[in-house]
Amino acid sequence: MTASAIPSSTPARTIARWLLGGAMVFAGLSHLFWARKEFQAQVPDWTGRVMDKDGVVVASGVVEIMLGAALVALPRELSRVGAILAAFYVAIFPGNIEQYTKGKKGFGLDDGRSRLIRLFFQPVLVVGALWSTRTPKP
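It should be emphasised that the depicted structure is a prediction, and the values quoted were computed from it without experimental measurement.

Enquirer: So, the environment of Ile117: which residues are in play, and what are the values?
Expert: Locating Ile117 in the fold gives a position in helix α5 (residues 112-119). Overall, Ile117 belongs to the partly exposed group, its relative accessible area being 39%. Residues Ile117 and Tyr100, spaced 17 residues apart in sequence, show a C-alpha to C-alpha distance of 9.5 Å.

Enquirer: Tell me about the layout of surface pockets, and please be specific about residues and values.
Expert: For the largest pocket, the calculated volume is near 860 Å³. In this structure, the largest pocket is lined by 34 residues; those nearest its centre are His31, Ser60, Glu64, Phe88 and Ile92. Every element with two or more residues in the lining of the largest pocket is listed here: α1 (11-32), α3 (53-73), α4 (78-101) and α6 (121-133). For the lining of the largest pocket, the residue count by class is 24 nonpolar, eight polar and two charged.

Enquirer: Can you explain the packing of α1 against α4? Please cite residues and give values.
Expert: Helix packing for two helices is described by the angle between their axes and how far apart those axes are. Contact geometry of α1 with α4 gives a least axis separation of 13 Å together with a crossing angle of 50 degrees. It follows that α1 is oblique to α4 by the angle criterion. Viewed along their axes, α1 and α4 form a crossing whose handedness is left-handed. Residues Arg17, Leu20 and Met24 of α1 pack against Leu78, Leu85, Phe88 and Tyr89 of α4. When grouped by side-chain class, the residues that make up the contact of α1 with α4 number six nonpolar, no polar and one charged.

Enquirer: Please provide a residue-by-residue account of the side chain of Gln99, values included.
Expert: Relative to the helices and strands, Gln99 is located in helix α4. The contacts of Gln99, once residues within four sequence positions are left out, are Gln42, Lys104, Lys105, Gly106, Leu109, Arg115 and Arg118.

Cut-offs applied
Residues numbered from 1 in each chain as written. Predicted model: local features only at pLDDT ≥ 70, side-chain atom pairs only at ≥ 80, totals over all residues. Heavy atoms only, no water. Helix = DSSP H or I, 4+ residues; strand = E, 2+ residues; numbered from the N terminus. Buried < 20%, exposed > 50% of the residue type's maximum accessible area, 1.4 Å probe, protein only. 1 Å grid on protein atoms, 1.4 Å probe; cavity = no way out; pocket = protein on both sides within 12 Å on 5 of 7 lines; lining within 4 Å. Points joined across faces, edges and corners; volume = space filled by probe spheres on them. Nonpolar A, V, L, I, M, F, W, Y, C, P; charged D, E, K, R; others polar. Axes fitted to C-alpha atoms, helices over the stretch in contact; angles between N-to-C directions. Parallel < 35°, antiparallel > 145°, perpendicular 65-115°, else oblique. Left-handed = near helix turned anticlockwise from the far one by under 90°. Contact = heavy atoms within 4.5 Å.

Spelled out as structure tokens, the structure:
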């Protein structure tokens, strides 16, 4: 198989990428409209020195919408978009850790066990962002 005949993606990766893109756009819109208070519970307290919690929620919502749209609309930049999205997931992880360690309620995560379990989904998102945007090996 020649390099030009190698598919740029697989159906599974494409479906995963589109689902991830849709989820990101949905999450971003929820940051801006109906779930702002819920997301503010996840913003680490130390960010208040730089920006207020609502500003962080709005800014991250805009970024999520852009990243979600880029997963679908920028097929020539998939590897780069996937790396940026993975880095974004790593960057927001401290908020999840703080929600767990300080017992902050939000999104139905009202007990320590559910907040702890949620922490293990962040690496899955990082791997999903990278896997769905990489060109498969021949």
